[in-house]
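One letter stands for each residue in the lines below.
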Amino acid sequence: MLIARTLPDLRSACAHLRLTANSLALVPTMGALHEGHRTLVRAGVASGAATVASIFVNPLQFGPNEDLSRYPRDEAGDLAALQAEGCALAWLPDVETMYPAVEATTITVEGPAKGWEGDARPGHFRGVATVCAKLFGQVRPDRAYFGEKDWQQLQVVKRMVADLLLPLEIVGVPTVREADGLAMSSRNRFLSKEEREKAPVLIGTLRATALRLTSGEPAGQALADARVALQSQGFGVDYFALVEGATLLPVAQAVSGARLIAVAKLGPVRLLDNIGIG
Ligand code: PAF
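What comes next is a walk through the structure.

Rules used throughout
- Residues numbered from 1 in each chain as written.
- Predicted model: local features only at pLDDT ≥ 70, side-chain atom pairs only at ≥ 80, totals over all residues.
- Heavy atoms only, no water.
- Near = heavy atom within 4 Å.
- Polar contact = N/O pair within 3.5 Å; in protein donor to acceptor, adjacent residues only side chain to side chain.
- Areas by Shrake-Rupley, 256 points an atom, 1.4 Å probe, with all protein chains shown as cover.
- Helix = DSSP H or I, 4+ residues; strand = E, 2+ residues; numbered from the N terminus.
- Expected span 1.5 Å × (residues − 1).
- Buried < 20%, exposed > 50% of the residue type's maximum accessible area, 1.4 Å probe, protein only.
- Contact = heavy atoms within 4.5 Å.
- Pairing = 2+ DSSP bridges.
- Phe/Tyr/Trp six-rings, centres within 6.5 Å; stacked < 30°, edge-to-face > 60°.

1. Comments concerning the site of the ligand
(1) Moving on: All residues adjacent to the ligand are P28, T29, M30, N58, Q61, V128, V131, F146 and Q153.
(2) Moving on: Q61 places a side-chain nitrogen or oxygen 2.6 Å from an oxygen atom of the ligand.
(3) Moving on: In this structure, an oxygen atom belonging to the ligand sits 2.7 Å away from a side-chain N or O atom of Q153.
(4) Moving on: Compared with its free state, where it exposes 290 Å², the ligand has 88% of that area covered by protein.
(5) Moving on: Elements with a minimum of two residues in the shell around the ligand: β2 (24–29) and α6 (124–139).

This is how it looks when you write it as C-alpha cells:
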C-alpha cells in the first residue's frame, strides 16, 4: 500500500494508480477505523477500482463545544487495517495542506443540510462539504463511498456533487452493526459498560416504529411513543423523525423512500442511527 502525506506525493501516487487500474475509488475517513470503514474499503476494492482512503480529522466540521482534541487517533492501527483490506493508497494530509492560511472559500449546502444534525451542530455540514470537495479535487476519484449510518451527511454530499456537477458517483453503503444491532461508530468506545448494554434499544425502537409505520399507522403517534420508550430507558432524545430520504423533509406517513432518523444520547454520547421504511 502506498502512503502519501504531501500533495506532490499524492499526485504521483494517483497518477501511478490510474496507469494500473481502470478506476479510482475514494473512502474519506477521519481515522479510528472500525468494521464500518473496512466495509467501505472492501466495497471500493470489490468494484475493481484502485481504492484510496483518506485519514484526516477535519477541524472545520467540529463546533466550538465539540472536543476535536478528544477525537480518537490510531494511525498505525488504521494503516494496518487499510492494508489488510487491499487499499491501494492511504492519503494522510496535514491541516496546513487542507486549509492553507490564505484561503477564503468554503462550501455551504442548503436543502438536506437543514435541520436535524444541521441544527444540532451548526457549521458541521459546511465543514463536511468543504473537506469532501477538497478530497474529491485532490484524488479525482470515479466513485466515493460513504456509510448510510450518517444518512444526512450522505444526502448532503450527494446534493453537493450533483449541484457542483462534480464528475464522480457517490455510493452509499448499508450500516454495519454489532451482533446486538448497535450501529458501529467511533463514538461507541465512549459508552460505559452499562450504557453499551442499553445502546441497542435505539435500533430496537427504530425497527419497532418502522413496523408500525409500514402497517399504515400515521407517524405522529408512533414517533411520540418511540420518544417516550427511549426516554423511559434513560436516553435523551435529540430527535426521532420520519423524513423523505433525499431531502430530509419530515413526512407524515411511510411514503416510498422514507427514512426514520434518530439521535439519542446516553450520558455524553450521541448515538445516531436510521433505517429505511418499506
Ligand atoms: O464521516 C466522516 O468520517 C467525515 O464526516 C468525513 C466524511 C470523512 C469528512 O471529514
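Anyway, onward from the coordinates.
2. Observations regarding helix α7 (residues 151–163)
In an α-helix there are 3.6 residues to a turn, and that puts residues three or four apart on one side.
(1) Moving on: Here α7 contains 13 residues, and its C-alpha end-to-end distance of 18 Å stays within 8% of the 18 Å for a straight helix at 1.5 Å per residue.
(2) Moving on: All of the buried residues along α7 are W151, Q152, Q153, L154, Q155, V156, V157, M160 and V161.
(3) Moving on: On its buried face, α7 sits against α5 (117–120), α6, β5 (143–147), β6 (169–173), β8 (258–266) and β9 (269–276).

3. Quick look at the environment of R73
(1) Moving on: The residue R73 is located in the loop between β3 (50–55) and α3 (75–84) in this model.
(2) Moving on: We classify R73 as exposed; its relative accessible area is 54%.
(3) Moving on: Residues R73 and I55 lie 18 residues apart in sequence; the distance between their C-alpha atoms is 9.8 Å.
(4) Moving on: Apart from the residues within four sequence positions on either side, R73 is in contact with V57 and L68.
(5) Moving on: Side-chain polar atoms of R73 contact the backbone oxygen of L68, separated by 3.4 Å.

4. Regarding the side chain of R259
(1) Moving on: As for its placement among the helices and strands, R259 is situated in strand β8.
(2) Moving on: In this structure the side chain of R259 is engaged in a polar contact, spanning 2.8 Å, whose partner is the side chain of N274.
(3) Moving on: When near neighbours in sequence (up to four residues on either side) are disregarded, R259 contacts E148, W151, A241, L242, V243, G245, N274, I275, G276 and I277.

5. Looking at the pairing of β8
(1) Moving on: Taking burial as the measure, the nine residues of β8 include eight buried ones, the bulk of the element.
(2) Moving on: Sheet analysis places strand β7 (residues 236–244) next to β8, joined by eight bridges and oriented antiparallel. Following the sheet pairing, L242 is matched in β8 by L260.
(3) Moving on: As judged from the eight bridges shared by β8 and β9, these two strands associate in the antiparallel manner. Bridge assignment links A262 to a residue of β9, and that residue is D273.

6. Focus: the packing of aromatic side chains
(1) Moving on: A complete count under the given rule lists four aromatic pairs for this structure.
(2) Moving on: On the numbers, 6.2 Å between centres and 40° between planes, the contact of F56 with Y99 is tilted. Of this pair, F56 sits in the loop between β3 and α3 while Y99 sits in the loop between α4 (95–98) and α5, placing them 43 residues apart in sequence. Each member of the pair F56 and Y99 is classed as buried.
(3) Moving on: Ring plane angle 55° and centroid distance 5.2 Å describe the contact between W116 and Y239, whose orientation is recorded as tilted. Taken together, the residues W116 in the loop between α4 and α5 and Y239 in strand β7 connect sequence positions 123 residues apart. Y239 matches W116 in its accessibility class, with the two residues each being buried.

Don't take any of this as a statement about function, it's just geometry.
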